[in-house]
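# Observations on the model geometry
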Amino acid sequence: MTDQEQSTASISNINLRAATFALVCVVMFAATIMAAPAVQAQTFTVLHSFTGGAEGAGPYAGLTRDAAGNLYGTAAGGGSGNCLFQACGTVYQVVHRGSGWLTTPIYTFAGPPDGGTPTGRVILGPDGALYGTTTGGGTGSCSVSGIPGCGTVFKLQRPPTVCKSVLCPWRETVLYSFASQSDGDFPQAEIAFDQAGNLYGTTYRGGTGPCTNGQFTGCGTVFKLTHNPDGSWSKSTLYSLQGYPNDGQLPQAGVTLDRAGNIYGTTEYGGTNCYPDVGCGIVFELTPSGSGWTETVLHFFTGGADGNHPYGGLIFDNQGNLYGTASNGGLGQGTVYAFSPGQSGWSFAVLYSFSGNEANSPYSTLTMDASGNLYGSSVVGGAFGNGTVYKLTPSTGGWVYSTLHSFDFSDSGGFDLYGSVVLDAAGNVYGTAAAGPYPSPDTGTVFEITP
C-alpha cells in the first residue's frame, strides 16, 4: 500500500433523467475535451490566513454557509490538547464585520474523551446546529500513528444566551465515540442527514473487512446514527467494506442519499486494476434489504480513460444524476464523471478529463450551482502547479473548462486544496487551502473568488 493509504489521508421519471443526462454528457468521451482560458475579471481575496495558534491550523475540509452568509469550517490542528503530537484542532466561523471578515474559533477540541483532529466539513442540521466528525479522540480503544481513540461524531450548538464577546464558544455534544476498530475507525469525512433526521457517514478504516496494514485492520465502514425520541443517538454499522478485488476499501469521502433512502459513496481504493492488492477504487450503492443493506458496485475504475482513485464524494442534480471526480487517470490528471439511472441500471460516462495547465488531482467533492455548472478544486495543477479552483459549464458539444484561480506556492493564497468550494447567491466562491502562505505561517487560508 502507498503512504497515502496509511494517512488520514430520485426515483420518479427515470426516462426524463436519462434524456437530460444524455444531453449534457454526450456520447463520446473525446468530444468532451473542450478547454477554455481562465475566466476573466475574477477577483481573488484571502479572507483569513491561519496562524496555527488558538484559531486552528490546516483547514483540510471545505466550508459550510448559513442563510445569513456566515461561513463555518474545521481546522485539523491548532487550538489545544494533544493529538498526533500537535493540538487537536478547532471549528471556526468566518463572519462579515463592516467591510471585512472576522474569523474566530467557536470550539476547540481537547482530545480523549473529547474528539480530536477534524478533517471533514461540518454541516448544518435541520435544528441549526453544526454536525461533524473527528478522526481521533473519543473513548475508543484505537491508537494509530499516535492518535488516541477511534474518532467521534459531534454536534455544536450556539450558546444559550446572547454572547457579548467576540470569542463565544458553542456547546459540544459527542453523539458517538467509535469503540474499536471492528466498530469503525478514523471517521474523516462529513456526514449526511436523511429526511427523518438520522445521520450517515463513513469510517476510513475499521469494520469486519479483511484489509490489514500495520497498526490498523478493516477496509472501512458505512454507519448510521439514529435519532431516538428521547434525544439520544444509536449507532449501527450498515456495511463493512470487503476490499480488493470485489469491493472497495478506504473511503475518503462521506455518502449521499437519494429520496428513497438509498446510499451512494466512493472508495479511493479497492476493486481491480492499478496497484496489486489495492485497486483503482469504486462507486457503490447501498439499498435497504429486509433487516440489512445490499451493496451494488456501480463502477470499478480501471485507471484508463475513466480515471482512478475517487477521493471525493458524490452529488445529485435535480434530475437524479450523480456526479463525482477521480483524482487520477483520464488524460493523466483526473476526470469528472457522472451516472444516469435507466431501466437497466446506472449508466457511467466521463464528462471531462483534465490535462495541461488545468486542474490536476481533483480531490474535492463537486459543487453545482442553480444553472448546472460544476465547481471544484485540485491539489496541484493550474498555471503555477500548486492547485486550482475550476468551473465546468455544460455546452452543446460537451463541457467547457475554466480556471477561476491558479494558486502560487509563493503568494498569500495558500495551496493544497482538498476541500470542496461553496457558493453564495451572487456567485461568489468560497474555499480553503490547507497550507501556505509559504514559508510562514504555512497553516492555511480561507479565500473568496468574486466574479
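Attention here is on the structure that accompanies the text. This is a predicted model, so every value here is computed, not measured.

## Description of the environment of Q249
As for its placement among the helices and strands, Q249 is situated in strand β21 (residues 248–249). The class of Q249 is buried, set by a relative accessible area of 2%. Polar contacts involving the side chain of Q249 include one to the main-chain amide nitrogen of Y244, which spans 2.8 Å.

## Examining unusual backbone geometry
Put simply, G436 and P437 share a cis peptide bond, and its omega is -10°. Counting through the fold element by element, P437 comes out in the loop between β38 (429–433) and β39 (445–450). Here the residue pair Y438 and P439 is connected by a cis peptide bond, since its omega of 5° sits within 30 degrees of zero. Non-glycine residue T117 carries a positive phi angle of around 65°. Mapped onto the secondary structure, T117 falls in the loop between β7 (115–116) and β8 (123–124).

## Overview of the sheet that holds strand β28 (residues 322–326)
With antiparallel pairing, the four strands of this open sheet are ordered in space as β27-β28-β29-β30. On the outer flanks of this sheet lie β27 (315–316) and β30 (345–353), each paired with one strand and no other. Two strands pair when backbone bridges link them, and strand β29 (residues 335–342) and β30 are joined in this way by eight bridges, in the antiparallel orientation. Within the sheet, the bridge partner assigned to A338 lies in β30 and is A349.

Parameters at a glance
- Residues numbered from 1 in each chain as written.
- Predicted model: local features only at pLDDT ≥ 70, side-chain atom pairs only at ≥ 80, totals over all residues.
- Heavy atoms only, no water.
- Helix = DSSP H or I, 4+ residues; strand = E, 2+ residues; numbered from the N terminus.
- Buried < 20%, exposed > 50% of the residue type's maximum accessible area, 1.4 Å probe, protein only.
- Polar contact = N/O pair within 3.5 Å; in protein donor to acceptor, adjacent residues only side chain to side chain.
- Pairing = 2+ DSSP bridges.

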